[in-house]
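Survey of secondary and tertiary structure
Here is what each chain is made of, one letter per residue.
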Amino acid sequence: MTMALNLLCRVIRRRLERGGSLEDVLAEYPRLTEPEREAVREACGKRAEGAE
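Figured I'd write up the structure that's included with this text. Remember, predicted model here, so these are calculated numbers, not experimental data. (Residues numbered from 1 in each chain as written. Predicted model: local features only at pLDDT ≥ 70, side-chain atom pairs only at ≥ 80, totals over all residues. Heavy atoms only, no water.)

With that settled, the discussion passes to a positive patch on the surface. On the surface, Arg 10, Arg 13, Arg 14 and Arg 18 cluster together to form a positively charged patch. Relative to the assigned elements, Arg 13 resides in helix H1 (residues 3–17). Among the residues examined, Arg 13 registers a relative accessible area of 31% and is labelled partly exposed. (Patch = residues over 30% accessible without salt bridge, like charges linked within 9 Å, V, L, I, M, F, W, Y side chains within 5 Å. Areas by Shrake-Rupley, 256 points an atom, 1.4 Å probe, with all protein chains shown as cover. Salt bridge = Lys/Arg side-chain N within 4 Å of Asp/Glu carboxyl O. Lys, Arg positive; Asp, Glu negative; His and termini not counted. Charge placed at Lys NZ, Arg CZ, Asp CG, Glu CD. Helix = DSSP H or I, 4+ residues; strand = E, 2+ residues; numbered from the N terminus. Buried < 20%, exposed > 50% of the residue type's maximum accessible area, 1.4 Å probe, protein only.)

See below:
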């Protein structure tokens, strides 16, 4: 996992803990391409499942 992806997953995880949804958080990053969004969904989804 790249450093940028790791950082973004940390930010997303914190935002999800505060009650946001993954899609709402991703919508706030309009410069992400769809392949990048998929990578974030996969990486952050796996990390979230492992944390439970």
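By secondary structure assignment, the location of Leu 16 is in helix H1. Leaving out residues up to four positions away in the same chain, Leu 16 has contacts with Ser 21 and Leu 22. (Contact = heavy atoms within 4.5 Å.)

Our next topic: the state of the cysteines. Under the definition given, this model contains 1 disulfide. At a sulfur-sulfur separation of 2.3 Å, the disulfide partner of Cys 9 is Cys 44. Because the torsion about its S-S bond is -105 degrees, the bridge between Cys 9 and Cys 44 counts as left-handed. Of this pair, Cys 9 sits in helix H1 while Cys 44 sits in helix H3 (residues 34–51), placing them 35 residues apart in sequence. (Disulfide = S-S within 2.5 Å.)

Structurally, Arg 37 can be placed in helix H3. For Arg 37, the side chain forms a polar contact with the main-chain oxygen of Leu 26, separated by 2.8 Å. Aside from chain neighbours lying at most four places away, what touches Arg 37 is Leu 26, Ala 27, Tyr 29, Pro 30 and Leu 32. (Polar contact = N/O pair within 3.5 Å; in protein donor to acceptor, adjacent residues only side chain to side chain.)

As a further point, take H1. Counted at 1.5 Å a residue, the expected span for H1 with its 15 residues is 21 Å, and the 21 Å between its end C-alpha atoms agrees. Where H1 is concerned, the buried positions are Leu 5, Leu 8, Cys 9 and Ile 12. The buried residues of H1 occupy an angular sector of 105 degrees when projected down its axis, which confines them to one face. Away from the buried face of H1 by more than 90 degrees, exposed residues Met 3, Leu 7 and Glu 17 are located. Just beyond H1, the residue with positive phi is Gly 19, at close to 105 degrees. (Expected span 1.5 Å × (residues − 1). Arc of directions from axis to C-beta.)

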